[in-house]
Amino acid sequence: MAKVGIFGAGWVGVVTGACFAELGHTVVIRDIVPEKVDALRSGVVPFHETDVQELLTGNAGRLTFTLDVADIADCEFLFVCVDTPPTQSGDADLSRVWSVVDQLPALAGRPVLVMKSTVPVGTGDKIRHGLDQRGLEHVAYASNPEFLAEGNAVRDFMQPDRIVIGADDGETADGVASLYESIDAPIVRCDVNSAEMVKLAANAFLMTRISFINEIANVCEATGADVVKVAEGVGLDHRLGPHFLRAGLGYGGSCFPKDSLALKQLASNSGYHFQLLAAVIEVNELQKRRVIGKLKQRLGNLQGKTVALLGLAFKPNTDDMREAPSIVLASRLLAEGAAVRGWDPVADGTKLPEGVTICGSVLEAVTGADAAVIVTEWAELRELATSDVRVAVRNPLIVDGRNLLNPDDVGRAGFAYEGIGRPAASRELERA
Ligand code: UDX
């Protein structure tokens with residue numbers, strides 16, 4: 001078992017550390033924010049992520065948290081798990097990555113600096129050069145991108161589809177691979193540049209699938225097909241597969257929006273205009289706004305109308321509001337003069353624009369509302385079309401931004417229904 005140091009006690013760092021500890025390694029997680037380190041030391045996880053609390057408690061003996069970089073000096077592997085947010089130009093901001101390199105303590109033996117953070121292709125080469133310039137030629141370097149989805153991060157770590165290790169020599173790659181020995185997954189070994197690109201390409205492909213199915217949904221609406229059935233029929237083709245074909249309000253979150261911009265910028269900085277990715281991003285932006293059109297079609301002018309946004313986090317099972325479609329929707333609705341209510345079982349909605357009323361329950365949010373919009377497919381919302389809700393609303397309209405509900409059931413419960421790429425609306429209009 002190895003001694004693993006981790007830079008960054010954010011979501012990636014804590015999940016990675018907790019999972020390595022679970023695999024039997026000794027882990028030291030270092031951060032620069034005292035409050036974060038204090039909270040983790042006292043057993044408080046500063047975010048909502050399934051199973052992480054249990055892993056921290058169960059492996060407390062193998063897991064320490066520190067502010068002092070000297071505490072990781074004897075680690076064999078040093079994982080970089082810091083943020084790489086977008087800069088004003090959309091490039092990835094690598095300042096935190098570089099501050100890790102700058103703060104490396106004197107390291108004995110032949111430790112490996114391992115990049116988990118998502119970085120532009122070519123970053124590894126620059127870091128190698130930076131290490132050499134700082135007299136750290138003995139520190140090996142590897143890229144080992146994470147493919148963790150929020151809400152499933154522990155499962156994604158423990159049962160990955162693959163482990164990607166980019167390194168310039170076999171010994172370094174073997175060392176990183178040994179950390180994952182007890183995990184049964186294919187290992188892709190490659191050069192550092194390719195490992196960096198795998199992460200960006202995988203995310204871009206997933207986003208492409210989402211924007212693709214969202215455009216198909218929009219064409220379904222125009223032609224009277226049902227995108228849910230279309231996705232099922234398409235996804236059963238083994239060459240295509242069923243995943244990431246759920247039409248909805250578009251992707252959000254901490255990764256996709258920033259990584260797509262970063263890849264687009266990386267390509268353009270290298271002299272290539274990545275047309276397909278530019279379209280994927282644009283489709284996603286427009287998709288978030290489509291609900292406004294649906295509401296106007298049903299309610300006319302939105303001035304003075306009350307709209308309940310149900311689910312605020314960018315996806316279920318997380319409290320993460322980063323790039324959540326709810327933010328764009330709330331802003332647009334407020335700009336149209338609507339009164340906006342918000343409800344989420346976990347996210348507190350503090351990132352929403354001023355003027356949104358946060359409610360403690362679904363019933364409170366929909367009381368007196370002219371429309372209830374499912375923004376995030378929380379399981380709790382499967383039972384939205386109840387008689388209690390029917391009585392509480394001013395106008396029985398459910399706009400299902402995630403195609404969570406069965407349109408026929410919703411109709412039987414006395415509501416008008418609008419999904420994404422589903423024909424219920426046009427059928428109703430025809431009947432009328
Ligand atoms: C994603 C990747 O899955 C992960 O591998 C990467 O490391 C980080 O980015 P995450 O952002 O946590 O993870 O969530 P994910 O479950 O992938 O969903 C991303 C977004 O796509 C969400 O907004 C979700 O609502 C949306 N989505 C996903 C769809 O709209 N349709 C789909 O079919 C799937």
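Preceding this section is the structure that the text describes.
Caption draft 1: The arrangement of the overall build of the protein in detail. Looking only at helices and strands, the protein has 16 helices and 14 strands in total. Relative to the compact-globule value of 22 Å for 432 residues, the protein shows a C-alpha radius of gyration of 24 Å, a close match. Across its three principal directions, the C-alpha atoms of the protein cover 75 × 45 × 40 Å. Burial status across the protein gives 54% buried among its 432 residues. About 18900 Å² of surface is accessible on the protein, with carbon and sulfur atoms providing 52% of the total. The distance from the centre of the 41 positive side-chain charges to the centre of the 57 negative ones in the protein is 6 Å.

Caption draft 2: Highlighting helix α7 (residues 170-179). Listing the buried residues of α7 in full gives Thr172, Ala173, Gly175, Val176, Ala177 and Leu179. You can read the cap of α7 off the contacts: a side-chain oxygen lies 3.3 Å from the backbone nitrogen of Glu171, and it is on Asp169.

Caption draft 3: Here's a closer look at the nonpolar core. The biggest cluster of nonpolar side chains holds 55 residues, and the ones touching the most others in it are Leu295, Leu309, Leu310, Leu333, Val366 and Leu384. Ranked by size, the runner-up nonpolar core spans 45 residues in total, among them Leu63, Ala173, Val176 and Ile183.

Caption draft 4: Molecular detail of the packing of helix α4 (residues 95-103) against helix α5 (residues 123-133). Look at α4 against α5: their axes get within 10 Å of each other, and the N-to-C directions meet at 25 degrees. Between α4 and α5, the crossing angle belongs to the class labelled roughly parallel. Crossing of α4 against α5: the hand is right-handed. Contacts from Val97, Trp98 and Val101 of α4 reach α5 at Lys126, Ile127, Gly130 and Leu131. Per-class residue counts for the contact of α4 with α5 are five nonpolar, one polar and one charged.

Caption draft 5: How the structure looks around the site of the ligand. The local shell around the ligand holds 18 residues, among which Glu150, Arg246, Gly252, Cys255 and Lys315 are the closest. The separation between an oxygen atom of the ligand and a polar main-chain atom of Leu148 is 3.2 Å. Lys315 places a side-chain nitrogen or oxygen 2.9 Å from an oxygen atom of the ligand. When the ligand sits alone it has 660 Å² of accessible area, and the protein chains cover 94% of it. For the shell around the ligand, the leading source of residues is helix α8 (residues 192-223), giving three residues. For the shell around the ligand, the class distribution of residues is ten nonpolar, two polar and six charged.

Caption draft 6: View of the pairing of strand β1 (residues 3-7). A large share of β1 lies buried, amounting to four of its five residues. For the handedness criterion, the β-α-β arrangement of β1, helix α1 (residues 11-22) and strand β2 (residues 26-30) is classed as right-handed. Strand direction decides the pairing type here: β1 and strand β4 (residues 77-80), joined by four bridges, are parallel. From the neighbouring strand, Gly5 faces β4, where its bridge partner is Leu78.

Caption draft 7: Looking closely at the sheet that holds strand β5 (residues 112-115). Here eight strands make up an open sheet; going across it, the order is β3-β2-β1-β4-β5-β6-β7-β8 and the pairing mixed. In this open sheet, the two strands that pair with only one neighbour each are β3 (63-66) and β8 (187-190). Each strand axis lies, on average, 25 degrees off the axis of its neighbour in the sheet, ignoring direction. Pairing of β2 with β3 involves four bridges; the strand directions are parallel. Across the sheet, residue Val27 finds its bridge partner in β3, namely Leu63. Taken strand by strand, α1 contacts β1, β2, β3 and β4, and its axis lies near 165 degrees from that of β2.

Caption draft 8: Looking closely at the pattern of salt bridges. Summed over the entire model, instances satisfying the criterion amount to 25 salt bridges. Residues Lys36 and Asp31 are paired through a salt bridge, measuring 3.8 Å at the closest nitrogen-oxygen approach. Owing to a relative accessible area of 29%, Lys36 belongs among the partly exposed residues under this scheme. Asp31 sits in the buried class, given a relative accessible area of 8%. The partner of Glu146 in a salt bridge is Lys199, and the shortest N-O contact between them spans 3.2 Å. With a gap of 53 residues between them, Glu146 in the loop between β6 (140-143) and α6 (153-158) and Lys199 in helix α8 connect regions that are remote in the sequence. As far as the burial class goes, Glu146 and Lys199 line up, both buried. Through salt bridges with shared partners, a single ionic network connects Glu221, Arg290, Lys294, Arg298 and Glu418.

Parameters and conventions
- Residues numbered from 1 in each chain as written.
- Predicted model: local features only at pLDDT ≥ 70, side-chain atom pairs only at ≥ 80, totals over all residues.
- Heavy atoms only, no water.
- Helix = DSSP H or I, 4+ residues; strand = E, 2+ residues; numbered from the N terminus.
- Rg over C-alpha atoms; globule rule 2.2 N^0.38 Å.
- Buried < 20%, exposed > 50% of the residue type's maximum accessible area, 1.4 Å probe, protein only.
- Areas by Shrake-Rupley, 256 points an atom, 1.4 Å probe, with all protein chains shown as cover.
- Lys, Arg positive; Asp, Glu negative; His and termini not counted.
- Charge placed at Lys NZ, Arg CZ, Asp CG, Glu CD.
- Polar contact = N/O pair within 3.5 Å; in protein donor to acceptor, adjacent residues only side chain to side chain.
- Core = buried A, V, L, I, M, F, W, Y, C linked by side-chain atoms within 4.5 Å.
- Axes fitted to C-alpha atoms, helices over the stretch in contact; angles between N-to-C directions.
- Parallel < 35°, antiparallel > 145°, perpendicular 65-115°, else oblique.
- Left-handed = near helix turned anticlockwise from the far one by under 90°.
- Contact = heavy atoms within 4.5 Å.
- Nonpolar A, V, L, I, M, F, W, Y, C, P; charged D, E, K, R; others polar.
- Near = heavy atom within 4 Å.
- Right-handed = clockwise from strand over helix to strand, strands pointing away.
- Pairing = 2+ DSSP bridges.
- Salt bridge = Lys/Arg side-chain N within 4 Å of Asp/Glu carboxyl O.

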